[in-house]
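Chain residues, written in single-letter form:
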Amino acid sequence: MQLKINGQRFIDLQSGPENDATLEIPFSPSGQARFNVELIANDHSDDPLTAPFSVAMGVCGTRPVMDGPVAITPLHDASRLLPLDACPMQGEVAIVIPVYNAAEAVRRCLDSVLEHSNGAYRVIVINDASTDPAIAPLLESYRSRDRIELHENPRNLGFTATVNRGMQMAARADVLLLNADTEVAANWLVGLRHALHSAPDVATATAVSNNAGAFSVPELEQENPFPPGWSHAQTARATWQDAGHAYPELPTGNGFCMLIRRQVLDAVGLFDVAAFPQGYGEENDFCQRASARGWRHLIAGNVHVAHARSLSFGSDRRQALGQAGMQVLRERWPNYESDVGRTLFSFARRVLDWRLRVSQSSSPSRSPLPRCLHLKNSRSQDRSHEHWLLDVQGEQMNLVAVDGECRESVPVIRFDDLCCAHWLQLHAIERVVLPGSADSLVAGKLAAQAARLGIPASIEENDP
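Now for a quick tour of the structure. (Residues numbered from 1 in each chain as written. Predicted model: local features only at pLDDT ≥ 70, side-chain atom pairs only at ≥ 80, totals over all residues. Heavy atoms only, no water.)

**Notes on helix H3 (residues 159–169)**
Consideration 1: When we look at burial in H3, the residues that qualify are Thr-160, Ala-161, Thr-162, Val-163, Asn-164, Gly-166 and Met-167.
Consideration 2: In this structure, the buried residues of H3 make contact with strand E5 (93–99), strand E6 (121–127), strand E8 (174–178), strand E12 (257–260), helix H6 (262–268) and helix H7 (282–291).
Consideration 3: Just downstream of H3 lies Ala-171, where phi reads positive at about 60°. (Buried < 20%, exposed > 50% of the residue type's maximum accessible area, 1.4 Å probe, protein only. Helix = DSSP H or I, 4+ residues; strand = E, 2+ residues; numbered from the N terminus. Contact = heavy atoms within 4.5 Å.)

**Brief notes about the nonpolar core**
Side chains that are nonpolar tend, in soluble globular proteins, to be buried together.
Consideration 1: Among the nonpolar cores identified, the biggest contains 57 residues, and Ile-95, Ile-97, Leu-176, Leu-178, Trp-188 and Leu-192 are the most heavily contacted of them.
Consideration 2: Ranked by residues supplied to this core, first place goes to helix H1 (residues 103–116) with six residues.
Consideration 3: Residue contacts for Leu-192: discarding those within four places in its chain leaves Leu-176, Ala-205, Thr-206, Ala-207, Cys-257, Leu-259, Ala-300 and Val-303.
Consideration 4: Of all hydrophobic cores here, the second largest spans 21 residues; its members include Val-163, Met-258, Phe-286 and Cys-287. (Core = buried A, V, L, I, M, F, W, Y, C linked by side-chain atoms within 4.5 Å.)

**Structural notes on the side chain of Arg-193**
Consideration 1: Inspection of the secondary structure assignment puts Arg-193 in helix H4 (residues 188–196).
Consideration 2: Although Arg-193 is buried, it makes no salt bridge; Asp-174 carries the closest opposite charge, 5.9 Å away.
Consideration 3: Only 3.4 Å separates the side chain of Arg-193 from the backbone oxygen of Ala-120, close enough to count as a polar contact.
Consideration 4: Beyond its immediate stretch of four places on either side in the chain, Arg-193 contacts Pro-88, Met-89, Gln-90, Gly-91, Val-93, Ala-120 and Leu-259. (Lys, Arg positive; Asp, Glu negative; His and termini not counted. Salt bridge = Lys/Arg side-chain N within 4 Å of Asp/Glu carboxyl O. Polar contact = N/O pair within 3.5 Å; in protein donor to acceptor, adjacent residues only side chain to side chain.)

**Comments concerning the sheet that holds strand E4 (residues 53–56)**
Consideration 1: Read across the open sheet, the four strands follow the order E2-E1-E3-E4; overall the sheet is antiparallel. With one partner strand each, in any of the chains shown, strand E2 (8–12) and E4 form the two edges of the open sheet. Here the average twist between neighbouring strands, direction ignored, is 35°.
Consideration 2: Both strand E1 (residues 2–5) and strand E3 (residues 34–40) contribute to a ladder of four bridges, which runs antiparallel. Bridge pairing in E3 links Ile-5 to Val-37.
Consideration 3: Across the sheet, helix H10 (residues 347–361) touches E1 and E2, and the angle it forms with E2 is around 155°. (Pairing = 2+ DSSP bridges. Axes fitted to C-alpha atoms, helices over the stretch in contact; angles between N-to-C directions.)

Shown next as structure tokens:
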């Protein structure tokens, strides 16, 4: 049978002999206290097995269905938000991009990285003796661009050795492996840094994609077309706003777009060139070595990176390389496949896929826009309070800050450093505009937390 939440497919349940099934729900997929549930016969007929009903988290029994559309909201109880002592934007990230042929894809990749990256980063591009004559002049055209370093192997070394060379050039920086057949969008680098620094034992953070195997969304192990009417940029922004910060775990990352903590590279070493000379298994082996030392690997579900896949090798050779790599993994890590199967269908991962199905189903009716938090003083005469108007992309909320507390109609939120930091993350704010007229408790805390999180902040011009 199929279980739908708020009208969207959530999971296929295996029913027992009495046509019963069990599903443990540790947190609300929608982020709301109540949500609607339907059970459908899993025969593509859409015939309901029972009348739709509503459930409330933490309360036994069922309730009548809630009328009207039910939106998804931030996952307060499941989000792995950055602790206050985490400084994700400190230190440098070295983005390593190995290149072999496919000149047009390389151009799109480099242009997108330069357009959408911020913070301290540099780009290490290594041409692995490409045979495509268009590669050399293309790369040369980037030589004068800031933050890009161009290198070339004297002969073809293969993917894994080329990546290792790039990681060695990274010196003390964290390393972000990025395939040359990818395109990134707004917030990608900030989002990966947030996921990596969400806990001190996180070794890697991997983006999701339209076409990246186990990291494909919203449908696993298949190519997902962009929603009707949306570009990749719009798909990525909707993912940033709607996916949440639950950060599902897997026993591995995926080198198509994977951020690696420097301390893990120091402890575990580079990729195994002898076992995986052309890739396809090298990052899985690396991640298993890290896991054996107590490190974890997260899916940055709110970071969407487009991936063409197989442009350098072709699908047939990719399949052969994948099979050879998997054989090595089975011999070295006997539990690897079972661990992948167990975590790939975890509740947190199912919630991620469901939220993106809901998000993308709205594509014909909306165009995701950047969320700018615009803080305006309402000039109240009551000097004991700070009265503010929070304008988030046209949606306004009246707030009153009193001795460090921020009061809405409901609920009362303490507007301290932690509140500011969590609010900025949960609501996927991309820019903060602050009043320029006077110092304020709220504005100061927002500015400090925006800087820590890598969110651009500016002062309102001509603020009266």
